[in-house]
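A look at the structure
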Amino acid sequence: MEDASQKAKGTGPAGTAGPAGPAEGEAPAVGSLEARRAVAERRAQLAAARAREEEKAAAAAPKPAAAAQPQPQPQPKPKPEAAGPAPIVVRPAATTAKPKKRHYMLALSFVLLVLAPLAVAAWYLYRVADDQYASRVGFSVRKEEVGSAIELLGGITELSGSSSSDTDILYEFIQSEQMVHAINERLDLSAIYANPGDPIFGLGEDTRIEAMANYWGRMVKVFYDAGTGLIEVRVLSFDPDNSHDIAAAIFEESSAMINELSAIARADATRYAKEELDRAQDRLKEARQAITGFRNRTRIVDPRADIQGQMGLITSLQAKLADAIIERQLLLETSSESDPRVIQANRRIEVIREQIEEERAQFGTSATGNDDKAFSRLLEEYEALSVDLEFAEQASISARTAYEAALTEAQRQSRYLAAYIAPTRAQTPEYPRRSIILLMGGAFLAISWAILALIYYSLRDRR
């Protein structure tokens, strides 16, 4: 036992240090990895030897009787070993990892969910899909704003400006079914976009207006800059001439739409002035018809001129009456009342007076009580008609002036479509952008596959 304990402590019988173990209280001198491994192996051998000695001692001890109850023996306290460095445990190197079934299934899912769809998409894009040609047209809605002469002389007027509200309307109009219907009537879009060999990028056999409007949104893109009011339209088709024709038709339909909006705005601006002008012209027409009816009924063009002539006639008759009275007075100085010359003079005076009375009677109520031919009544009626005619003429002139001013103002604000990019004709197909489509599709498929794989492993780890 003493020999074994001495071996376990690494000392010889004489108490001197053995050739393999360090002295008590001294640190082992290890200079390299090989030395460390040798020390570890030596310590492992010593521990194994100590364990064998303990097993032998336990086997040599006498076993107690079966009937006797074993008494618990106090365990001897292990002797403290000599202080020394902690043993270095060197674990065996890991073996090479081998793929398992789940790894093969993960690789197969990547091929089926990512590589296979991507290969099919590449085959379709490069073998089946037809080239598409792009035509572009750019325009803006402009509004004329010509100021007055004073503004023009002062140089403070703005000759033209953009209208954002009309541009917003035009932006929606280009993408509407109304535009699709108008272009289809002019160019037959079903024949242009029907591409049986390309079922994905072609229109197909569905030529209803709803399907064509949906397909129109794919082939015609509208880019609108709200800050500058500029609109750019990109048209795609399978032939460069068709793309150019569609772009030109879009520009023409848009121009017609803007002209219609301008006409509506001009009509709204001049509607009230035009209605007032029409009413003034109707009143003028009625006043002139009333004057014409008066002249036809009385056979008098201007009663005032007739009155002046009548007054001249009465004045002439009064002069003749005065001459006749003077002549009679001269006759009475040399002859009697029974003188035929005096009688003739009296008769002449009576006739002149009757004529004067008759002429004067025409200015007022006649003796017969018929007022239709009285000059006063005729003059009153004519004056009323003249006042109505004059008022109607003045109202017509004012209404005409207001209408001309409203029309001029509406023309100042007229709108038109100005193209800054004429419809282009493509020479090289730009679409479909195959590389971009494959790149985006591959990224989407890879991300989707990675998400599914993470979900699978998270569920697997929770089991």
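See above for the structure.
I will try to describe carefully the structure that is included in this document.

Cut-offs and rules
- Residues numbered from 1 in each chain as written.
- Predicted model: local features only at pLDDT ≥ 70, side-chain atom pairs only at ≥ 80, totals over all residues.
- Heavy atoms only, no water.
- Helix = DSSP H or I, 4+ residues; strand = E, 2+ residues; numbered from the N terminus.
- Buried < 20%, exposed > 50% of the residue type's maximum accessible area, 1.4 Å probe, protein only.
- Contact = heavy atoms within 4.5 Å.
- Areas by Shrake-Rupley, 256 points an atom, 1.4 Å probe, with all protein chains shown as cover.
- Phe/Tyr/Trp six-rings, centres within 6.5 Å; stacked < 30°, edge-to-face > 60°.
- Expected span 1.5 Å × (residues − 1).
- Bend = angle between axes of the 7 residues up to and from the residue.
- Axes fitted to C-alpha atoms, helices over the stretch in contact; angles between N-to-C directions.
- Parallel < 35°, antiparallel > 145°, perpendicular 65-115°, else oblique.
- Nonpolar A, V, L, I, M, F, W, Y, C, P; charged D, E, K, R; others polar.
- Salt bridge = Lys/Arg side-chain N within 4 Å of Asp/Glu carboxyl O.
- Pairing = 2+ DSSP bridges.
- Core = buried A, V, L, I, M, F, W, Y, C linked by side-chain atoms within 4.5 Å.

Bringing the overall build of the protein chain into the picture now. In terms of helices and strands, the protein chain carries 13 helices and five strands. Counting over 463 residues, the protein chain shows a buried share of 26%. Counted over contacts in the protein chain with a minimum sequence separation of 6, partners at least 24 positions apart contribute 76%. As presented, the protein chain carries roughly 31,600 Å² of accessible surface, and 56% of it is formed by carbon and sulfur atoms.

Considering all chains together, one arrives at five aromatic pairs under this definition. Ring plane angle 35° and centroid distance 5.5 Å describe the contact between Tyr171 and Tyr224, whose orientation is recorded as tilted. Taken together, the positions of Tyr171 in helix α5 (residues 164–174) and Tyr224 in strand β3 (residues 220–225) put the pair 53 residues apart, joining distant regions of the chain. The class for Tyr171 is partly exposed, based on a relative accessible area of 23%. Taking the relative accessible area as the measure of exposure, Tyr224 reaches 24% and is therefore partly exposed. Plain terms: the ring middles of Tyr193 and Tyr215 are 5.1 Å apart, the flat faces sit at 70° to each other, and that makes the pair edge-to-face. Of the two residues, Tyr193 sits in helix α7 (residues 189–193) while Tyr215 sits in helix α8 (residues 209–219), which places them 22 residues apart along the sequence.

Before going further, it helps to examine helix α3 (residues 101–128). A rise of 1.5 Å per residue sets the reference length of α3, with its 28 residues, at 40 Å; its end C-alpha atoms lie 38 Å apart and thus fit the reference within 8%. Along α3, the largest kink reaches about 35° and is centred on Val111. Within α3, the full set of buried residues consists of Val114, Tyr124, Leu125 and Val128. Contacts from the buried residues of α3 go to α13 (434–461).

Okay, the packing of helix α6 (residues 177–187) against α8 next. Between α6 and α8, whose axes approach to 9 Å, the crossing angle comes to 100°. In terms of orientation, α6 lies roughly perpendicular with respect to α8. Between α6 and α8, the contacting residues are Glu177, Met179, Val180, His181, Ile183 and Asn184 on the first element and Ile209, Glu210, Met212, Ala213 and Trp216 on the second. For the contact of α6 with α8, a count of residues per class yields seven nonpolar, two polar and two charged.

Glancing now at the pattern of salt bridges. A full pass over the atoms with the stated rule returns 13 salt bridges. The salt bridge partner of Arg297 is Glu381, with a shortest N-O separation of 2.3 Å. On the criterion of sequence distance, the pair formed by Arg297 in helix α9 (residues 240–298) and Glu381 in helix α12 (residues 375–412) is long-range, its members being 84 residues apart. According to the relative accessible area criterion, Arg297 is exposed, its value standing at 51%.

Take the pairing of β3 next. Pairing between β3 and strand β4 (residues 230–237): six bridges, direction antiparallel. Bridging across to β4, Val222 finds its partner in Val233. Hairpin connection between β3 and β4: a loop of four residues separates the two successive antiparallel strands, and Gly229 in this loop has a positive phi of roughly 75°.

In terms of nonpolar packing, the biggest core is built from 34 residues, with Leu170, Ile174, Tyr193, Trp216, Val233 and Ile250 touching the most fellow members. Secondary-structure elements contributing two or more residues to this core are β1 (133–144), α5, α6, α7, α8, β3, β4 and α9. Here Ile174 is in contact with Phe139, Met179, Trp216, Val222, Ile231, Val233, Ile250 and Ser254, once residues within four sequence places are set aside. Within the second largest apolar cluster, 10 residues are counted, among which are Ile300, Leu378, Tyr382 and Leu385.

Below, the discussion takes up the side chain of Thr167. Along the chain, Thr167 turns up in helix α5. Taking the relative accessible area as the measure of exposure, Thr167 reaches 1% and is therefore buried. Leave out the neighbours within four places in its chain, and Thr167 touches Val141, Tyr224, Gly229 and Ile231.

Helix length check: α13 (28 residues) gives 40 Å between terminal C-alpha atoms against 40 Å at 1.5 Å per residue, within 8%. Buried within α13 we find Arg434, Leu438, Gly442, Trp449 and Ala453. The inward-facing, buried residues of α13 contact α3.

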